[in-house]
Amino acid sequence: MSGRDLSGPLRRAAVAALLADPGVAALVGTRVYDHVPATPAFPFLRCSTAITQPWEATGEVHGSLIRLQIDAFTKGYGHVSAEPLAAAVVAALDEADLALPEGFLLSLQWRQTRLLDDPAEQGVTHGVIEFESIAAL
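Throughout this description, residue numbers start from 1 for each chain and increase along the sequence as written. Side-chain atom pairs in this predicted model are given and counted only at pLDDT of 80 or more, local residue features only at pLDDT of at least 70, and totals for whole chains, interfaces and linings cover all residues. Hydrogen atoms and water are omitted, and side-chain values are computed over all heavy atoms in the structure.

Looking at the overall build of the protein
Runs of H or I in DSSP of at least four residues are treated as helices and runs of E of at least two as strands, each being numbered from the N terminus. Helix and strand content of the protein: three helices and five strands. For a compact globule the rule gives 2.2 Å times the number of residues to the power 0.38, and the radius of gyration it is set against comes from C-alpha atoms. Taken over the C-alpha trace, the protein has a radius of gyration of 15 Å; the compact-globule value for 137 residues is 14 Å, and the two agree within 12%. Principal-axis analysis of the C-alpha atoms places the extent of the protein at approximately 50 × 30 × 25 Å. Contact definition: two residues touch when any of their heavy atoms are within 4.5 Å. Considering only intrachain contacts with a sequence separation of at least 6, the fraction spanning at least 24 residues in the protein is 62%. As presented, the protein carries roughly 7,100 Å² of accessible surface, and 53% of it is formed by carbon and sulfur atoms. Counted charges follow a simple rule, with Lys and Arg positive, Asp and Glu negative, and His plus the chain ends left uncounted. Charge coordinates come from a single atom per side chain, which is NZ of Lys, CZ of Arg, CG of Asp or CD of Glu. Treating the 9 positive side-chain charges of the protein as one cloud and the 16 negative ones as another, the clouds have centres 5 Å apart. Calculation of accessible area relied on Shrake-Rupley with a 1.4 Å probe; when residues are assessed, cover is drawn exclusively from the protein chains displayed.

Details of the side chain of Glu130
Examined against the element boundaries, Glu130 turns out to sit in strand S5 (residues 124-136). Two N or O atoms count as a polar contact when they lie within 3.5 Å, although within protein this holds only if one can serve as hydrogen donor and the other as acceptor, and sequence-adjacent residues are included solely when both atoms are side-chain atoms. Among the polar contacts made by the side chain of Glu130, one reaches the side chain of Gln112 at a distance of 2.6 Å. Side chain to side chain, Glu130 and Arg114 meet in a polar contact 3.0 Å long. With residues near it in sequence (within four places) discarded, Glu130 still touches Leu68, Gln69, Gln109, Trp110, Arg111, Gln112 and Arg114.

Examining helix H3 (residues 79-93)
A helix is expected to span 1.5 Å multiplied by its residue count minus one. With 15 residues, H3 extends 21 Å from end C-alpha to end C-alpha; this agrees with the ideal 21 Å at 1.5 Å per step. One or two residues past the end of H3 sits Glu95, with phi positive at roughly 60°.

What about the sheet that holds strand S4 (residues 104-117)?
DSSP bridges decide pairing: two strands pair if at least two such bridges lie between them. The strand order across the open sheet built from five strands is S1-S2-S3-S5-S4, with neighbouring strands paired in mixed fashion. One side of each edge strand has no neighbouring strand; the edge strands of this open sheet are strand S1 (32-33) and S4. Summarising the sheet, S4 and S5 pair through twelve bridges and their orientation is antiparallel. By the bridge assignment, Trp110 is partnered in S5 with Phe131. Only the stretch in contact is used when a helix axis is fitted, and all axes are lines through C-alpha atoms; the angle between N-to-C directions ranges over 0 to 180 degrees. In this fold helix H1 (residues 7-20) packs onto S1, strand S2 (44-56), strand S3 (62-75), S4 and S5, with an angle of close to 145° to the strand it touches most, S2.

Re the packing of aromatic side chains
Between 30 and 60 degrees the pair is tilted, below 30 it is stacked and above 60 it is edge-to-face, where a pair is any two Phe, Tyr or Trp rings, Trp via its six-membered ring, whose centres lie within 6.5 Å. A complete count under the given rule lists three aromatic pairs for this structure. Centre to centre, the rings of Phe42 and Phe44 are 5.3 Å apart; their planes meet at 55°, and the pair counts as tilted. For every residue, the accessible area (1.4 Å probe, protein chains only) is compared with the maximum for its type, and the residue is labelled buried under 20%, exposed over 50%, or partly exposed between those bounds. Residue class for Phe44 comes out buried when judged on its relative accessible area of 4%. A network of ring pairs unites the aromatic residues Tyr33, Phe42, Phe44 and Phe73 as a single cluster.

Put into structure tokens, the structure is as follows:
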């Protein structure tokens, strides 16, 4: 099986979509990071984790099966503070038709959301929002 790692183009397109989405922007403004600053303002999103494997369709179409993770960090009233942000991320990206800077997106589907108490910092909720996608050349 031959494939091509298109996780970088997908990550860049997902960040652009999150920054452009009014529902997400109302909650985090421009705080959508690949690398989080040392003392970030809350709430914020991090788009840094992707698990990629080769994908090939019948014929000559090659690409990647990509599991993309968006992390949402909120401070405040427990999971209640993280739920609206996680929902906004899902609304912005689930089945979105993102234009990739390289290749094209065949599918982008929300798989799950988990809300966790962040053990590293008291009062911080960590939302883990996972998507599965297929991108091809």
